[in-house]
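Residue strings, one per chain:
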Amino acid sequence: MSRTEAPPLPEPLRVPVADSHTHLDMQDATVEEGLARAAAVNVTTVIQVGCDVQGSRWAAETAAAHASVYAAVALHPNEAPRIVHGDPDGWSRQGARGPGGKAALDEALAEIDRLAALDQVRGVGETGLDHFRTGPEGMAAQEESFRAHIEIAKRHGKALVIHDREAHADVLRVLADAGAPERTVFHCYSGDAEMARICADAGYYMSFAGNVTFKNAQPLRDALAVAPAELVLVETDAPFLTPAPYRGRPNAPYLIPVTLRAMAEVKGVDEDTLATAINENTARAFDY
C-alpha cells in the first residue's frame, strides 16, 4: 500500500456531520471532488481555514461558491513572525520573504479584518500561539497577532479558531487577559484532561482530529472522555493528521467517520448520538 495513496471511503455515517477544520487548498482533489467524497459518507459541511492572506481570500471565495463550505480567515501563528522578521528560507507557501516589520503585519491584519466581515466567513482562525516552530524572537509578533485576531473575532461576532501548539498556558493566559469571544474553538485540541476541564469551565469548544486515534495519544483520549458532549467537535485538519489505520497517508474530509467512530468509543456512546451532538455543536460554534 503506497503512502501517497488515498485511503478508501469509509462506511457512511447515518447522521450528517461537519468537518470543523480542513485545508481544501492543500489537498490533491479538486474542491468539487473533495466535497462530493465527503457528502458520499454524510460529511455535509466543511469549514475551510485560511493560514495567510492569500489562503484566507481563497477560503472566502470558495465558501462563497459552495453552499456546503464556510470559511475561517487568519494569519497562522507562524505566519506573523515571518511577516515581521522575514522568511529567508521560504518556509511558507509564499517563498522567501524579507522582513516587513510592524507595518506589514498591520496591513495583513487589516485584510483579515476586511474578510472577517463577509457573511460566508464564520470564523477568525487559525490563530493562537505555536512554541514548537517559532523561537523566542518571534513570540512578540505571534502574541500581538493573536490579540488582534481576538479583537477581529469579537468585532464581527465570529468564532475564534485557535491553533495551540506546545503553548497551552500562554494561550489560556491571553484569552483570559484579552477576553475570549463568545464562541472559541480549540482546533486540533492537544491538551490533557486537566486542560479540558479548564476549557469546559470557560465554555470553549474542543475539536478533535485524527491524532486522537494514534497509539501514543492516551492523554488526548483522556481529555475527550471528560470534555462535555455539547463542547466537542470533530475535524480532519486535512491533509494532515490522517486517522489510524491510515496514518501517514493523505487526509481529506471524507475520513471524518473514521475519527468520529473512534471518538464515540472513547465517549462510550453510539456513533449516531455523537454525530448528532457534533453536528449541532458545529452549527452553534460557527453560527450557521
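Coordinates for the structure precede this section.
First, a word on scope: everything that follows refers to the structure included in this document. Within each chain, residue numbers correspond to sequence positions counted from 1 in written order. Residues qualify for local features only when their pLDDT is at least 70, as the model is predicted, and side-chain atom pairs are given and counted only at 80 or more; totals for whole chains, interfaces and linings, by contrast, use all residues. Note that water and hydrogens are dropped before the side-chain values are worked out from all heavy atoms of the structure.

**Comments concerning the sheet that holds strand β7 (residues 205-208)**
Whether parallel or antiparallel, the strands of a sheet pair through hydrogen bonds between backbone atoms.
Now for step 1: The eight strands lie next to each other as β1-β2-β3-β4-β5-β6-β7-β8, forming an open sheet whose pairing is parallel. The open sheet is flanked by β1 (17-22) and β8 (232-234), the only strands paired with a single partner. Strand-to-strand twist in this sheet, taken as the mean axis angle between neighbours without regard to direction, amounts to 30°.
Now for step 2: Residues count as neighbours in contact if any of their non-hydrogen atoms are within 4.5 Å of one another. Comment: axis = line fitted to C-alpha atoms, over the contacting stretch for helices; angle = value between 0 and 180 degrees taken between N-to-C directions. Secondary structure elements follow DSSP: runs of H or I of four or more residues count as helices, runs of E of two or more count as strands, with numbering from the N terminus. With respect to the sheet, helix α6 (residues 168-178) is in contact with β4 (121-130), β5 (159-165) and β6 (184-186), its orientation differing from that of β5 by roughly 155°.
Now for step 3: Its contacts with the sheet put helix α10 (residues 271-285) on β1, β5, β6, β7 and β8, and the angle it makes with β8 is roughly 95°. By the convention used here, strands pair only if DSSP detects at least 2 bridges between them.

**Some details on the packing of aromatic side chains**
Now for step 1: Only centres within 6.5 Å qualify two rings of Phe, Tyr or Trp (six-membered ring in Trp) as a pair; their planes then separate them into stacked at under 30 degrees, edge-to-face at over 60, and tilted for everything else. Scanning the entire structure with this criterion turns up three aromatic pairs.
Now for step 2: Plain terms: the ring middles of F186 and Y204 are 5.7 Å apart, the flat faces sit at 35° to each other, and that makes the pair tilted. In this pair, F186 is assigned in strand β6 and Y204 in the loop between α7 (193-202) and β7, connecting sequence segments 18 residues apart. By the burial criterion, F186 is buried, and Y204 matches it.
Now for step 3: The interplanar angle of 45° and the centroid separation of 5.4 Å between the aromatic rings of Y189 and F208 together place this pair among those described as tilted. Here Y189 is found in the loop between β6 and α7, whereas its partner F208 is found in strand β7, with 19 residues between them in sequence. Grouping residues by exposure puts Y189 and F208 together as buried.
Now for step 4: Here the guanidinium or amino end of R247 rests over the ring plane of F214, the centre of that ring lying 3.7 Å away. We call a residue buried when its accessible area falls under 20% of the maximum for its residue type, exposed when it is over 50%, and partly exposed in between, using a 1.4 Å probe and counting protein chains only. Comment: the charge-over-ring label is applied if NZ (Lys) or CZ (Arg) is within 6 Å of the ring centre and within 35 degrees of the ring normal.

**Overview of the side chain of Q142**
Now for step 1: With respect to the helices, strands and loops of the structure, Q142 is situated in helix α5 (residues 136-156).
Now for step 2: When sequence neighbours within four positions are dropped, the list of residues in contact with Q142 reads P77, N78, A80, P81, G128, L129, D130, H131 and T134.

**What to know about helix α9 (residues 256-267)**
Now for step 1: A helix is expected to span 1.5 Å for every residue after the first. Under the 1.5 Å per step criterion, the end-to-end length of α9 is 16 Å for 12 residues, consistent within 8% with the ideal 16 Å.
Now for step 2: Taken as a whole, α9 has its buried residues at I256, P257, V258, T259, L260, M263, A264 and K267.
Now for step 3: On its buried side, α9 packs onto β1, β2 (43-49), β7, α8 (218-226), β8 and α10.
Now for step 4: One or two residues past the end of α9 sits G268, with phi positive at roughly 70°.

**Describing unusual backbone geometry**
Now for step 1: Of the consecutive residues G125 and E126, the connecting peptide bond is found in the cis state with omega at 15°.
Now for step 2: Among the structural elements, E126 can be located in strand β4.
Now for step 3: Looking along the chain, the bond that leaves A244 and enters P245 is cis, with omega of 10°.
Now for step 4: The backbone phi angle of E166 is positive, close to 55°, even though this residue is not glycine.
Now for step 5: Looking at the secondary structure, you find E166 in the loop between β5 and α6.

**Overview of the nonpolar core**
Now for step 1: Residues enter a nonpolar core if they are buried and are Ala, Val, Leu, Ile, Met, Phe, Trp, Tyr or Cys, with the set joined through side-chain atoms within 4.5 Å. Among the nonpolar cores identified, the biggest contains 83 residues, and V17, F146, L175, F186, Y189 and M263 are the most heavily contacted of them.
Now for step 2: Sort the elements by how many residues they give to this core and helix α4 (residues 101-116) lands first, with six residues.
Now for step 3: Not counting residues up to four positions away in its chain, the partners in contact with L175 are F146, I150, L160, I162, A180, T184, F186 and Y204.

**What to know about the packing of α9 against α10**
Now for step 1: It is the contact of α9 with α10, at a shortest axis distance of 9 Å, that shows an interaxial angle of 110°. When the axis of α9 is compared with that of α10, the two are roughly perpendicular. Between α9, through L260, R261, M263 and A264, and α10, the contact on the second element is made entirely by E271, L274, A275 and I278.
Now for step 2: Polar here means any residue other than Ala, Val, Leu, Ile, Met, Phe, Trp, Tyr, Cys and Pro, which are nonpolar, and Asp, Glu, Lys and Arg, which are charged; Gly is therefore polar. Here the contact of α9 with α10 is built from residues that sort into six nonpolar, no polar and two charged. Roughly parallel covers angles under 35 degrees, roughly antiparallel covers those over 145, roughly perpendicular covers 65 to 115, and oblique covers all other angles.

**A few points about α4**
Now for step 1: Taking 1.5 Å per residue as the helical rise, α4 with its 16 residues ought to reach 22 Å, and the 23 Å between its terminal C-alpha atoms agrees with that figure.
Now for step 2: L105, A108, L109, E111, I112, L115 and A116 are the residues of α4 that are buried. Projected onto a plane normal to the axis of α4, the buried residues spread over an arc of 155° and lie on a single side. In α4, the exposed residues that point more than 90 degrees away from the buried face are A103 and E107.
Now for step 3: Each element contacted by the buried residues of α4 is listed here: α2 (53-65), β3 (69-73), α3 (79-85), β4 and α5. By arc we mean the arc of the directions from the helix axis to the C-beta atoms, nothing more.

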